[in-house]
Amino acid sequence: MLTRKQHELLMFIHERLKESGIPPSFDEMKEALDLASKSGIHRLITALEERGFIRRLPNRARALEVLRLPDSIAPGLNAAKKFSPSVIQGGQGALGRQIKPAAPLRTPTPSNDEAASAVSIPVMGRIAAGVPIDAIQHQTHSITVPPDMISGGEHYALEVKGDSMIEAGIFDGDTVIIRNANTASPGEIVVALVDDEEATLKRFRRKGASIALEAANPAYETRIFGPDRVKVQGKLVGLIRRY
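Described in the following lines is the structure provided in the data block. (Residues numbered from 1 in each chain as written. Predicted model: local features only at pLDDT ≥ 70, side-chain atom pairs only at ≥ 80, totals over all residues. Heavy atoms only, no water.)

**Focus on the side chain of Ser164**
- Structurally, Ser164 can be placed in the loop between β6 (155-161) and β7 (175-179).
- Assessed through its relative accessible area of 0%, Ser164 is described here as buried.
- Looking at Ser164, its side chain comes within polar contact range of the side chain of Lys202, at 3.0 Å. (Helix = DSSP H or I, 4+ residues; strand = E, 2+ residues; numbered from the N terminus. Buried < 20%, exposed > 50% of the residue type's maximum accessible area, 1.4 Å probe, protein only. Polar contact = N/O pair within 3.5 Å; in protein donor to acceptor, adjacent residues only side chain to side chain.)

**What to know about helix α1 (residues 4-20)**
- Look at α1: 24 Å from first C-alpha to last across 17 residues, which is about the 24 Å you get at 1.5 Å a residue.
- The complete set of buried residues in α1 reads Lys5, Gln6, Leu9, Leu10, Met11, Ile13 and His14.
- Summarising the contacts, the buried residues of α1 are in contact with α2 (26-33), α3 (38-50), β1 (54-56) and β2 (64-66). (Expected span 1.5 Å × (residues − 1). Contact = heavy atoms within 4.5 Å.)

**Describing the packing of α2 against α3**
- With their axes 9 Å apart at the nearest point, α2 and α3 run at an angle of 95° to one another. In terms of orientation, α2 and α3 fall into the roughly perpendicular class. Contacts from Phe26, Asp27, Met29, Lys30 and Leu33 of α2 reach α3 at Lys38, Ile41, His42, Leu44 and Ile45. (Axes fitted to C-alpha atoms, helices over the stretch in contact; angles between N-to-C directions. Parallel < 35°, antiparallel > 145°, perpendicular 65-115°, else oblique.)

**Points about the nonpolar core**
- Ranked by internal contacts, the top residues of the largest apolar core, which has 16 residues, are Leu9, Leu10, Ile13, Met29, Ile45, Leu48 and Ile54.
- Contributing elements (two or more residues each) for this core: α1, α2, α3 and β2.
- Not counting chain neighbours up to four residues away, the residues in contact with Ile13 comprise Pro24, Met29, Ile45, Leu64 and Val66.
- Within the second largest apolar cluster, 14 residues are counted, among which are Ile127, Tyr156, Val191 and Ala216. (Core = buried A, V, L, I, M, F, W, Y, C linked by side-chain atoms within 4.5 Å.)

**Focus: the pattern of salt bridges**
- Scanning all chains against the criterion turns up 10 salt bridges.
- A salt bridge links Lys5 to Glu8; the nearest nitrogen and oxygen atoms lie 3.9 Å apart. One end of the pair, Lys5, and the other, Glu8, are both in helix α1, 3 residues apart, so they sit about a helical turn from each other.
- Using a relative accessible area of 14% as the deciding quantity, one classes Lys5 as buried.
- Here Glu214 ties to Arg205 by a salt bridge, and the two come within 3.3 Å at their closest N and O atoms. (Salt bridge = Lys/Arg side-chain N within 4 Å of Asp/Glu carboxyl O.)

**Notes on the side chain of Asp174**
- Take Asp174: it is sitting in the loop between β6 and β7.
- Under the relative-accessibility criterion, Asp174 is labelled buried at 2%.
- From its side chain, Asp174 meets the backbone nitrogen of Phe171 in a polar contact 2.7 Å long.
- Separated by 2.6 Å, the side chains of Asp174 and Arg241 make a polar contact.
- Setting aside residues up to four positions removed in sequence, Asp174 forms contacts with Leu158, Glu159, Val160, Gly169, Leu239, Ile240 and Arg241.

Right, dumping it as structure tokens:
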């Protein structure tokens, strides 16, 4: 699943390539999407490339190739392209309106191999514990977790990138277990979506009518937003660390 802006940009590039065979310039993309700067286009391009929708051709200016379109638009094109999802390694980017896999999230069910002792949940990519980065919106793989880590409801996992939550015991490289939710109580650690574009893992607070996303590292400032700018996408319920 793509964000609205990612989808708009992908279709704009696709239509321009169909019409003229030449990709649009960054200025044309910025104007078409009504963005204030080229940096926003750069982040969208990077997100689309990491998700396997487009490819930048080396040593050629303005060289973009559309590898696939969303399944609902062009299943034929997608069938012709081979794509292996990859994990976003860093850089600021965009997240979709909902953190969902290609198939709907479901309540975890026992895995075939360890039905008696563990349950399997999807790993949905990476989440920032620092400057917001992309979280992949389709399942990259699954992990098994102890059943006592899972309560009722839908769950998914995210790999942590960054160090802004280290004083809450969440380190770079950890895997966090998230229960799907759209509300939170003050003090809970949540996956927060800001402006329908950025996702981050922070402690949820309220400052009057505003919402504060609080880091657990003094090197990072608390970010405060109007209530209409932040959407809770889930709450932290567990953590896995490999040594």
